[in-house]
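Residue-level structure breakdown
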Amino acid sequence: MDVKPIASTKPAIDVNLQNINRLEQQQLQQTVNKKGEEGKVTPEQLQEALKDLKDKLSILNTQLEIKIDKDTDIIVVKVIDKTTHKVIRQIPPEYVLKIAKYLNEIAGLLYNEKV
């Protein structure tokens, strides 16, 4: 059997993050199905789900940051490496936020011209 050295751990971390995200989505959906027949999530349930997700990500030496973009009012989720403070993954990506901001500006210009 030939043993090869590991070149990078990033693919393994990405796979683990995808698995955690999938598991969290399933758990959140189960919570919604159990507690809210209409499919509404209370702020307390959301806070509890976020706390659980942050705890699980801390095992991978990462932290979760959730913000609302000021320019577009879009929720932005970032997974950040605790040691280097670099963004591992951002949803939606930065270029999507820039496009949304640009489209909002264009829509504002078009709207102002029609009035």
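On a predicted model such as this, the values are computed, not experimentally measured, just so you know.

Procedures and definitions
- Residues numbered from 1 in each chain as written.
- Predicted model: local features only at pLDDT ≥ 70, side-chain atom pairs only at ≥ 80, totals over all residues.
- Heavy atoms only, no water.
- Helix = DSSP H or I, 4+ residues; strand = E, 2+ residues; numbered from the N terminus.
- Salt bridge = Lys/Arg side-chain N within 4 Å of Asp/Glu carboxyl O.
- Pairing = 2+ DSSP bridges.
- Axes fitted to C-alpha atoms, helices over the stretch in contact; angles between N-to-C directions.
- pLDDT = per-residue confidence, 0-100.
- Buried < 20%, exposed > 50% of the residue type's maximum accessible area, 1.4 Å probe, protein only.

**As for unusual backbone geometry**
Cis geometry marks the peptide bond from I91 to P92; its omega dihedral reads -10 degrees. Examined against the element boundaries, P92 turns out to sit in the loop between strand 3 (87-91) and helix 3 (94-114). Here the phi dihedral of H85 falls at roughly 60 degrees; this positive angle occurs in a residue that is not glycine. Examined against the element boundaries, H85 turns out to sit in the loop between strand 2 (75-81) and strand 3.

**Things to note about the pattern of salt bridges**
According to the stated counting rule, one finds 3 salt bridges in the structure shown. A salt bridge links D55 to K51, with the nearest nitrogen and oxygen atoms 3.4 Å apart. Of the two residues, D55 and K51 both sit in helix 2 (residues 43-59), 4 residues apart, roughly one turn of that helix. For the salt bridge of K101 with D71, the shortest nitrogen-to-oxygen distance reads 3.4 Å. Remark: D71 occurs in the loop between strand 1 (62-68) and strand 2 and K101 occurs in helix 3; sequence separation between them is 30 residues.

**Section: the sheet that holds strand 2**
The sheet built from 3 strands is open, its strands ordered 1-2-3 with antiparallel pairing. Across the chains shown, the open sheet's two edge strands, defined by having one partner strand only, are strand 1 and strand 3. Strand-to-strand twist in this sheet, taken as the mean axis angle between neighbours without regard to direction, amounts to 15 degrees. Pairing between strand 1 and strand 2: 7 bridges, direction antiparallel. Directly across from E65, in strand 2, lies its bridge partner K78.

**Here's the deal with the confidence of the model for the protein chain**
For the protein chain, the mean per-residue pLDDT works out to 75, and 63% of the residues sit at or above 70. Here helix 1 (residues 10-35) is the element of the protein chain with the lowest mean pLDDT, 63, and strand 3 is the one with the highest, 90.

**Remarks on the environment of V79**
One can find V79 in strand 2. Take V79: its relative accessible area is 11%, and that puts it in the buried class. Along the chain, V79 and K54 lie 25 residues apart, while their C-alpha atoms are 9.7 Å from each other.

**What to know about the environment of L50**
Structurally, L50 is set in helix 2. In this structure L50 comes out as partly exposed when scored by relative accessible area, which is 22%. The sequence separation of L50 and E65 amounts to 15 residues, and the corresponding C-alpha distance is 9.9 Å.

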